[in-house]
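Secondary and tertiary structure notes
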Amino acid sequence: MTELLKISLPDGSVREVPPGSTPADIAAAIGPGLAKAALAARVDGELRDLDRPFDGDANLALITARDEAEALELARHDYAHVLAEAVQALWPGTQITFGPATDDGFYYDVKAPEGREPFGMDDLPAIEEEMRRIIRADKPLRREVWSREDLIAKWAAEGEVFKAEWAKELPEGEELTVYWSGNDWLDMCRGPHLPSTGKLDPDAFKLMRVAGAYWRGDQNNAQLTRIYGTGWLNKKQLNAHLTRLEEAAKRDHRKLGREMDLFHLQEEAHGSVFWHPKGYRIWRELEAYMRRKMDGAGYREIKTPQVMDARQWEQSGHWGKYRENMFVIPDEVPNTQEGAELVSKDADWMALKPMNCPAHVLVFKQGITSYRDLPIRLGEMGCCHRNEPHGALHGLMRVRQFTQDDAHIFCTEGQVVSEVQAFIALADSVYKDFGFTYDIKLALRPEQRFGSDADWDKAEQELRDALSANGLEWEELPGEGAFYAPKLEWHLTDAIGRTWQVGTIQSDRVLPERLDAHYIGEDGEKHRPVMLHRAIFGSYERFIGILIEHFAGRLPAWLAPVQAVVATIVSDADGYAGEVAAQLKAAGIRVETDTRNEKINYKVREHSLAKVPHLLVVGKREAEEGTVAVRTLGAEHQKVMPLAEAIAMLQSEGTPPDLAAA
Ligand SMILES: [Zn+2]
Ligand SMILES: [Zn+2]
């Protein structure tokens, strides 16, 4: 008699089944509803196909659409295969390469047949239609193990140059898996997949765009077309996503930045921002706000050099680990004689700072520090440069020159938890002032790391202790910490549900060691301080980008570059408009006047586009009565009020939240 396999289910029950049984058999035995709903299986923690037989006794969890993250990942992977199949069905001779799932969908890199132009946007509707046909045909997706040699032969015979090249590079004798779609199409793939194409919703995907891509990402290789799609479990999810995209496009900080005349970017300074007067006003208000918060929390502000020489970066470890991302400058002495070449002081290099940390340790190391002086909190509006590839740059969100609201806290071992607690409270008060909600994540030790396991146990526990003491919940991210320290991350949720990681705090025992920082303890001996790296905005550039998108340009009045515009209806009111503006200015309100000979509706439209919070409309009557007609951005009606009342309202709205609370 063959021995039965014991399959344990999440509810603790155990089912005994004959060898050769599959998760699909178990689902069917439990009930027809589950048999229909099951999409895949988690077998001893590994995501697998439903019809793949058990290897032995196992723990089994069946995956259904309720397990949204897994179900989406599976569906997106399947959509990618269906996309490739559809393109080949429509245009035989198309070569396929690879196509993974992405955060909101999938893509596939393909090469159009010889003689045909690369696929474009015009081709997408036909491909979508063919994909729907394949989905409706409900083709079974079946796993098969092939030898490497058979696979190479198949790809070569079909003229799939890229696939053949890839298969050839795999280790000899390796068994590979392929997935059949019905009996007429297959792709090599590790899987797993849904049981059939019919498990996909034909109305829950959309092809979005095409882009050029190179085989293996190398521009010396053949050029391919990457077809992008978004894919979901049902139509409702897809529509919600498309609405979100539309909303995000309206809020795009690059578009609003232009309309509001805040900043620009140009090729001559890739990834560095040209701030215009209005944009830099936002920056100045934020900076003043952050200064008050940090001063109030016991930080002291410093300013450190933009450029330090290579020896310093070698010692800190950046030269070894980070050089690729650093802007390096030869330490050359210009020879003033005309026509002479630069004299290089051989092997002397300098670099623009990619981070402020080493310089802060150097400040800490000046003089003798006693344990009584700790904690020392050094802050810097630190301007850093990182050499990011052009393709990675994106508006204010990803730049090469940025300024952090950076600070480093030097403290004793015993002070770490209370310092982290204080930072958690400070970060909370800042995010609340901007109306953000957030989640906190704890990134734990990565595979590659410095320091002993005992040190990591301690460092991770300190962060948990601080969170617990502040009564907060958090999610843990195994393996995602920095190589020198675990870190807490603040992920803000914006007005349209997107999340942005901004704030962080990390406890570091490595850099103080490398740069030999110490203090004199109570025992008169030298001790290493712990260094806490922390930021709340992250960078001013990115935080301003996030604020613009979060508020869709309608910044709170205290941040608005122009808080009010006094606009005239008739030129008779010009004198009065000037008077009103002067009084507003005297009251500390950022005001402009618009006395152009234009229709009032034209002025209203223009200032709404620039997202000015209040328009103070004045005509003859207002001039006589000493009033203003206030049109608030987004409001339907205007409200006539005495000038003094308008000033009081603007003053109170324009007060930064940290000052208003006092
Ligand atoms: Zn696949
Ligand atoms: Zn740092």
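Residues numbered from 1 in each chain as written. Chains lettered and ligands numbered in written order. Predicted model: local features only at pLDDT ≥ 70, side-chain atom pairs only at ≥ 80, totals over all residues.

Counted only if it meets this: UniProt positions are given in the numbering used here, feature names are shortened, and annotations may be inferred rather than shown by experiment.
The name that an unreviewed UniProt entry assigns to the protein is Threonine--tRNA ligase, with the source organism given as Erythrobacter dokdonensis DSW-74. According to the UniProt record, the Subcellular location (unreviewed entry) comment for the protein is "Cytoplasm". Turning to the protein, the UniProt annotation filed under Catalytic activity (unreviewed entry) states: "tRNA(Thr) + L-threonine + ATP = L-threonyl-tRNA(Thr) + AMP + diphosphate + H(+)".

**Remarks on the overall build of the protein**
Rules: Numbering goes from the N terminus for both helices and strands, where a helix is a DSSP run of H or I of at least four residues and a strand is a run of E of at least two. Counting other C-beta atoms within 10 Å of a residue's C-beta gives its exposure: the residue is buried at 20 or more, exposed at 12 or fewer, and partly exposed in between, where C-beta atoms are placed from the backbone. Contact between two residues is assigned when their C-beta atoms, built from the backbone, lie within 7 Å.
In terms of helices and strands, the protein carries 21 helices and 32 strands. With respect to the principal axes defined by its C-alpha atoms, the protein has extents near 95 × 75 × 70 Å. Across the 662 residues in the protein, those meeting the buried criterion constitute 34%. The long-range fraction of contacts in the protein, counting pairs at least 24 apart against all pairs at least 6 apart in sequence, stands at 67%.

**Examining the sheet that holds strand β4 (residues 46–48)**
Heads up, the condition is: Two strands are said to pair when DSSP picks up at least two bridges between them. Think of each axis as a best-fit line through the C-alpha atoms, taken over the contacting stretch in the case of a helix, with angles from 0 to 180 degrees between the N-to-C directions.
Within the open sheet, the five strands sit side by side as β2-β1-β5-β3-β4. Their pairing is mixed. Each of the sheet's edge strands pairs with one partner strand only, and the pair in question is β2 (14–17) and β4. Averaged over all adjacent pairs, the angle separating strand axes in this sheet is 35 degrees, with direction ignored. Pairing of strand β3 (residues 40–43) with strand β5 (residues 58–63) involves four bridges; the strand directions are antiparallel. Across the sheet, alanine 40 pairs through a bridge with isoleucine 63, a residue of β5.

**Some points on the sheet that holds strand β21 (residues 437–443)**
Spatially, eight strands are ordered β15-β19-β20-β27-β24-β23-β21-β22 in an open sheet, and the strand pairing comes out mixed. One side of each edge strand has no neighbouring strand; the edge strands of this open sheet are β15 (300–301) and β22 (475–477). For strand β23 (residues 487–493) and strand β24 (residues 499–508), the ladder comprises six bridges, and the chain directions are antiparallel. Bridge pairing in β24 places glutamate 489 opposite threonine 504.

**Some remarks on the UniProt feature "binding site: Zn(2+)" (unreviewed entry) in the protein**
Residues annotated by UniProt as "binding site: Zn(2+)" (unreviewed entry) correspond here to Cys357, His408 and His533. Taken together, the annotated residues stretch across 177 residues yet fold into one region, lying no more than 7.6 Å apart by C-alpha. Of the residues examined, cysteine 357 has 21 C-beta atoms within 10 Å and is grouped as buried. With residues near it in sequence (within four places) discarded, cysteine 357 still touches His408, Leu511 and His533.

**A look at the domain arrangement of the protein**
What counts is decided by this rule: Domains are outlined according to an automatic or database domain assignment.
In terms of domain boundaries, the protein breaks down into domain 1 (5–64), domain 2 (69–246), domain 3 (267–304 + 356–550) and domain 4 (564–660). Between the C-alpha centres of domain 1 and domain 4 the distance comes to 69 Å.

**Quick notes on the packing of helix α3 (residues 68–90) against helix α4 (residues 124–136)**
For any two helices packed against each other, the geometry comes down to the angle between their axes and how far apart the axes lie. Using the following cut-off: With respect to orientation, any angle under 35 degrees is reported as roughly parallel, any angle over 145 as roughly antiparallel, any angle of 65 to 115 as roughly perpendicular, and every other angle as oblique. By definition, any crossing whose near helix is turned counterclockwise from its far helix by less than a right angle is left-handed, and any crossing with a clockwise turn is right-handed. For this classification, the nonpolar set comprises Ala, Val, Leu, Ile, Met, Phe, Trp, Tyr, Cys and Pro, the charged set comprises Asp, Glu, Lys and Arg, and every other residue, Gly included, is treated as polar.
As a packed pair, α3 and α4 sit with axes 9 Å apart at the nearest point and diverge in direction by 110 degrees. With respect to α4, the element α3 is oriented roughly perpendicular. Considering the relative orientation of α3 and α4, their crossing is right-handed. In this structure, α3 contributes Val82, Leu83, Glu85, Ala86, Val87, Ala89 and Leu90 to the contact, and α4 contributes Ala126, Ile127, Glu130, Met131, Ile134 and Ile135. Considering only residue class, the contact of α3 with α4 consists of 11 nonpolar, no polar and two charged.

**Focus: unusual backbone geometry**
The omega torsion of the bond from glycine 191 to proline 192 falls at -5 degrees, within 30 degrees of zero and hence cis. Along the chain, proline 192 turns up in the loop between β10 (185–188) and β11 (205–214). The step from leucine 374 to proline 375 runs through a cis peptide bond, and the omega angle for that step is 0 degrees. Tracing the backbone shows proline 375 in the loop between α12 (357–364) and β19 (376–385).

**Some details on the environment of threonine 369**
Here threonine 369 shows up in the loop between α12 and β19. Along the primary structure threonine 369 and leucine 426 are separated by 57 residues, whereas in three dimensions their C-alpha atoms are 26 Å apart. Apart from the residues within four sequence positions on either side, threonine 369 is in contact with Phe364 and Tyr519.

**What to know about the pairing of β19**
Burial of β19 is extensive: seven of the 10 residues sit out of reach of the surface. In this sheet, β19 lies alongside β15 in parallel orientation, the contact comprising two bridges. Residue pairing in the sheet places glutamate 301 in a bridge with glycine 379 of β19. With 10 bridges connecting them, β19 and strand β20 (residues 401–411) associate as antiparallel partners. Paired with histidine 385 across the bridge in β20 is glutamine 401.

**A short note on the packing of helix α13 (residues 416–433) against helix α14 (residues 453–469)**
It is the contact of α13 with α14, at a shortest axis distance of 9 Å, that shows an interaxial angle of 50 degrees. One element, α13, and the other, α14, form an angle in the oblique class. Relative to α14, α13 is oriented so that their crossing is right-handed. Along its contact with α13, which presents Val416, Val417, Val420, Gln421 and Ile424, the element α14 presents Glu462, Leu463, Asp465, Ala466, Leu467 and Ala469. Grouping the amino acids of the contact of α13 with α14 by side-chain chemistry returns eight nonpolar, one polar and two charged.

**As for the nonpolar core**
Using the following cut-off: Any nonpolar core is a set of buried residues, restricted to Ala, Val, Leu, Ile, Met, Phe, Trp, Tyr and Cys, that join up through C-beta atoms within 7 Å.
The biggest cluster of nonpolar side chains holds 87 residues, and the ones touching the most others in it are Val420, Ala564, Val566, Val580, Leu616 and Val618. When residues of this core are assigned to domains, at least three fall in each of domain 3 (267–304 + 356–550) and domain 4 (564–660). If we ignore the near neighbours within four places in the chain, the residues touching alanine 564 are Leu584, Ile589, Val591, Val612, Pro613, His614, Leu616 and Leu650.

**Points about the pairing of strand β7 (residues 105–111)**
Counting buried positions along β7 gives seven out of seven residues, so the element sits mostly inside the fold. On β7, burial covers both faces: Gly105, Tyr107, Asp109 and Lys111 on one face and Phe106, Tyr108 and Val110 on the other are all buried. Bridge count between strand β6 (residues 95–96) and β7: two bridges; the pairing is antiparallel. Within the sheet, the bridge partner assigned to isoleucine 96 lies in β7 and is valine 110. Bridge count between β7 and strand β12 (residues 223–231): six bridges; the pairing is antiparallel. The partner of aspartate 109 across the bridge, within β12, is arginine 226.

**Description of the environment of proline 32**
With respect to the helices and strands, proline 32 occurs in helix α2 (residues 32–37). You can call proline 32 exposed: it has 9 C-beta atoms within 10 Å. Once the C-alpha coordinates of proline 32 and histidine 408 are considered, the two residues, 376 residues apart in sequence, prove to be 60 Å apart.

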